[in-house]
Amino acid sequence: PVALWLKGLGMDDSQVAKTIVKFPQLMGSCSLEGNLKPKVRWLRELGMDGSQVAKTIMKFPQLMGASSNKNLKPKVRWLKELGMDDSQVAKTI
């Protein structure tokens, strides 16, 4: 299911394979419904479009395993406190 879902984000077979090799936990410890989909929804709320989300996951698949509440959201809050808007934060991620 995860590989098909990644393809649905716009990745081809080769990109899916490379992403999984970089972060094999995508296939095991990362829940599609409880982790991956909510994280993609959050990235889109920051202003990323589908291709940006796919590129981000391909480049940094470990992002999908990071805790949103303990890791990602505090960092985004900090960047916003520095004066960045959502589009700047999305580019930074």
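Relevant structure appears above.
Structure report, in brief. (Residues numbered from 1 in each chain as written. Predicted model: local features only at pLDDT ≥ 70, side-chain atom pairs only at ≥ 80, totals over all residues. Heavy atoms only, no water.)

## Here we look at the overall build of the protein
As a reminder of what qualifies: By the criteria applied, helices consist of DSSP H or I runs no shorter than four residues and strands consist of E runs no shorter than two, each listed in order from the N terminus. What the globule rule says is 2.2 Å times the number of residues to the power 0.38, and the radius of gyration is computed from C-alpha atoms.
Counting its secondary structure elements, the protein contains six helices and zero strands. For the protein, the sequential pattern of α-helices and β-strands runs α-α-α-α-α-α. At 13 Å, the protein has a C-alpha radius of gyration in line with the 12 Å of a compact globule built from 93 residues. Along the three orthogonal principal directions, the C-alpha set of the protein runs to about 40 × 25 × 20 Å.

## Some details on the environment of Lys59
Basically, it comes down to this: Each residue gets one of three labels from its accessible area relative to the maximum for its type: buried under 20%, exposed over 50%, partly exposed in between, using a 1.4 Å probe on protein chains only.
If you trace the backbone, Lys59 turns up in helix H4 (residues 50–59). Note on Lys59: relative accessible area 57%, which makes it exposed. The spacing of Lys59 and Lys18 is 41 residues in sequence and 9.7 Å in space, taken between C-alpha atoms.

## Considering the pattern of salt bridges
Put simply, the rule reads: Whenever a carboxyl oxygen of Asp or Glu lies within 4 Å of a side-chain nitrogen of Lys or Arg, that contact is scored as a salt bridge.
This structure, assessed with the given rule, holds three salt bridges. Note that Glu33 is salt-bridged to Lys37, the shortest N-O span being 2.8 Å. One end of the pair, Glu33, and the other, Lys37, are both in helix H3 (residues 32–45), four residues apart, so they sit about a helical turn from each other. Given the relative accessible area of 55%, Glu33 is considered exposed. For Asp86, the salt bridge is made with Lys80, and the minimal N-O distance between the two is 2.6 Å. Judged by relative accessible area, Asp86 falls into the partly exposed class, the value being 31%. Note on Lys80: relative accessible area 37%, which makes it partly exposed.

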